[in-house]
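Residue-level structure breakdown
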Amino acid sequence: MATLVEIVQYDENWPRLFHQIANDLHRLLGTVVLAIDHVGSTSVPGLSAKSVIDVDITLRSLPDVPAASEKLIASAYEPRGNRWNDDMWAFMQHASVPKQRVYLCPPDNETHRRRMVFRDYLRAHPDAAAEYAALKQTLAVAFSYDGDRYTAAKRAFVEDILRKASHR
């Protein structure tokens, strides 16, 4: 069943909710965790977003992923697979409010690095964040029940920001 792509106004509670989620995940996964980062639009103050907290968890090594995955699955996270074929494994928690999308990755993962650069650029450039918010609103209307196309249509904007960030 298709899910509505719904963009909501920034919620001041998102950072606090992320910290609660991160603490719970760190307790669940233990010493294999190197870092837990808030990524995605909910991590950028003031940015409208889908009401989903995106979390990147960097593990000590790629061999730690299977055991960490088993712990997430046992805690009601739905496995979504290796989303970008670069050893970044996705999981959804639909029961929480807001929903959680958690990614497990090994150190030095390129997708994680790019997500952090994009997030940090938007945090430092409110004009770019506002432009991104407007694009997301437009795309949410155009692809209201097609999350894959919604995400794909943002790709050019994301790549442009990553180029700008690399020239700073």
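Here the structure is shown first, and the text comes after it.
Criteria and cut-off values
Residues numbered from 1 in each chain as written. Predicted model: local features only at pLDDT ≥ 70, side-chain atom pairs only at ≥ 80, totals over all residues. Heavy atoms only, no water. Helix = DSSP H or I, 4+ residues; strand = E, 2+ residues; numbered from the N terminus. Contact = heavy atoms within 4.5 Å. Buried < 20%, exposed > 50% of the residue type's maximum accessible area, 1.4 Å probe, protein only. Pairing = 2+ DSSP bridges. Core = buried A, V, L, I, M, F, W, Y, C linked by side-chain atoms within 4.5 Å.

Digging into the side chain of S48
Relative to the helices and strands, S48 resides in the loop between β1 (33–39) and β2 (52–59). Residues contacting S48, with those up to four places away along its chain left out, are I7, V8, Q9, Y10, S41, A133, K136 and Q137.

Some thoughts on the pairing of β1
When you tally the buried positions in β1, you get five out of seven residues, the bulk of the element. Pairing between β1 and β2: six bridges, direction antiparallel. Paired with H38 across the bridge in β2 is V55.

Thoughts on the nonpolar core
In summary, soluble globular proteins display a tendency toward joint burial of nonpolar side chains. The biggest cluster of nonpolar side chains holds 23 residues, and the ones touching the most others in it are L25, V55, I57 and L104. Among the elements of the structure, α1 (14–29), β1, β2, α2 (65–74) and β5 (99–105) are those that each provide at least two residues to this core. Among the elements that make up this core, the one with the highest residue count is α1 (seven residues). If we skip the residues at most four places from it in the chain, V55 touches F18, I21, L25, I36, D37, V39, R101, V102 and Y103. Counting 13 residues, the second largest nonpolar core, distinct from the first, contains V44, L47, Y132 and I161.

Concerning the environment of A128
Its location among the elements puts A128 in helix α4 (residues 126–142). Residue class for A128 comes out buried when judged on its relative accessible area of 7%. As for A128 and F157, which are separated by 29 residues in sequence, their C-alpha atoms are 9.7 Å apart. Once residues within four sequence positions are removed from consideration, A128 is found in contact with Y121, L122, F157 and I161.

With respect to unusual backbone geometry
Each neighbour pair has its own omega, and for V97 with P98 the value is -5 degrees, a cis peptide bond. Of note, P98 is situated in the loop between β4 (89–93) and β5. In the Ramachandran plot, D87 falls in the positive-phi region, its phi being about 65 degrees despite a non-glycine side chain. Examined against the element boundaries, D87 turns out to sit in the loop between β3 (78–82) and β4. One non-glycine residue with positive phi stands out, namely D108, at about 60 degrees. Its place among the elements puts D108 in the loop between β5 and α3 (110–124).

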